[in-house]
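Secondary and tertiary structure notes
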Amino acid sequence: MLPIAIGCDDAAIEMKNQLVSYLQQKGIKVIDYSCDRQSEPTIYPDIAMQVAQAIKAGTHERGILICGTGIGMNITANKVPGIRAAQCHDAYSAQRARKSNDAQIISLGARVIGLELAKTIVDNWLDSEFDGGNSAPKVDKIGYYEQQMQRG
């Protein structure tokens, strides 16, 4: 497995650091694209774009983005063609993001969920693979519409 990409803004440094340690303890290699100081405000779209582009380039298969709510990071990551990012605040959504939607990125809100829930969400997402089946045509249709918009 390729290293997991992770990125956060200044609102989520503590959660990101804890998740990096947690993943490393599980033997998962992590590459950090984050800002490194809370005293230095970060423009989160820059971090989300770096992670999404690294996944699109094949440097990583999956990425985790964390900001205050997870919303801004998620919106930004989804601007990169071919990227499917899902905002997850519960374990079931994380699992379905991967199994049904083949999401390469999840976004979390450090001001919305606690650390233990974040770990559970990450575990559920990492333990899940795209099922295909009834979801495959839907994911294909997402790609189709994405291509249509690029030609637009």
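The coordinates are above.
Residues numbered from 1 in each chain as written. Predicted model: local features only at pLDDT ≥ 70, side-chain atom pairs only at ≥ 80, totals over all residues. Heavy atoms only, no water.

**A few points about the packing of aromatic side chains**
Counted by the stated rule, this structure contains 1 aromatic pair. Over the ring of Trp-125 we find Arg-62, and its NZ or CZ is 5.0 Å from the ring centre. (Phe/Tyr/Trp six-rings, centres within 6.5 Å; stacked < 30°, edge-to-face > 60°. Lys NZ or Arg CZ within 6 Å of the ring centre and 35° of its normal.)

**Here we look at the side chain of Arg-62**
For Arg-62, the position within the fold is in the loop between helix H2 (44–56) and strand E3 (63–67). Under the relative-accessibility criterion, Arg-62 is labelled buried at 2%. From its side chain, Arg-62 meets the backbone oxygen of Ser-128 in a polar contact 2.7 Å long. (Helix = DSSP H or I, 4+ residues; strand = E, 2+ residues; numbered from the N terminus. Buried < 20%, exposed > 50% of the residue type's maximum accessible area, 1.4 Å probe, protein only. Polar contact = N/O pair within 3.5 Å; in protein donor to acceptor, adjacent residues only side chain to side chain.)

**Points about the sheet that holds strand E1 (residues 4–8)**
Read across the open sheet, the 5 strands follow the order E2-E1-E3-E5-E4; overall the sheet is parallel. Strands at the two margins of the open sheet, each flanked by one partner only, are strand E2 (30–32) and strand E4 (85–87). The sheet shows a mean angle of 20° between the axes of neighbouring strands, taken without regard to direction. Together, E1, E3 and strand E5 (105–109) form the strand contacts of helix H5 (residues 115–126), whose direction differs from that of E5 by roughly 170°. (Pairing = 2+ DSSP bridges. Axes fitted to C-alpha atoms, helices over the stretch in contact; angles between N-to-C directions. Contact = heavy atoms within 4.5 Å.)

**Observations concerning the environment of Arg-62**
When the C-alpha positions of Arg-62 and Ala-85 are compared, they lie 9.7 Å apart, and in sequence the two are 23 residues distant. What Arg-62 contacts, discounting residues up to four positions off in sequence, is Pro-3, Ile-4, Ala-5, Ile-55, Arg-98, Gln-104, Trp-125, Leu-126, Ser-128 and Glu-129. A distance of 3.0 Å separates polar atoms of two side chains, one belonging to Arg-62 and the other to Glu-129.

**Topic: the environment of Ile-28**
Turning to its location among the elements, Ile-28 is positioned in the loop between helix H1 (13–25) and E2. In the structure, Ile-28 is positioned 51 residues away from Lys-79 in sequence and 27 Å away in space, judged by C-alpha atoms. When near neighbours in sequence (up to four residues on either side) are disregarded, Ile-28 contacts Ile-4, Leu-23 and Leu-126.

**Considering unusual backbone geometry**
Despite not being glycine, Asp-102 has its phi angle at roughly 55°, a positive value. Here Asp-102 lies in the loop between helix H4 (91–99) and E5.

**What about the pairing of E1?**
Across the 5 residues that make up E1, a large majority, 5, are buried. Of the two faces of E1, the one lined by Ile-4, Ile-6 and Cys-8 and the one lined by Ala-5 and Gly-7 are each fully buried. With 3 bridges connecting them, E1 and E2 associate as parallel partners. Directly across from Ala-5, in E2, lies its bridge partner Ile-31. The parallel pair E1 and E2, bridged by H1, forms a crossover whose chirality is right-handed. Here 4 bridges tie E1 to E3, and the two strands are oriented parallel to one another. Across the sheet, Ile-6 pairs through a bridge with Ile-64, a residue of E3. (Right-handed = clockwise from strand over helix to strand, strands pointing away.)

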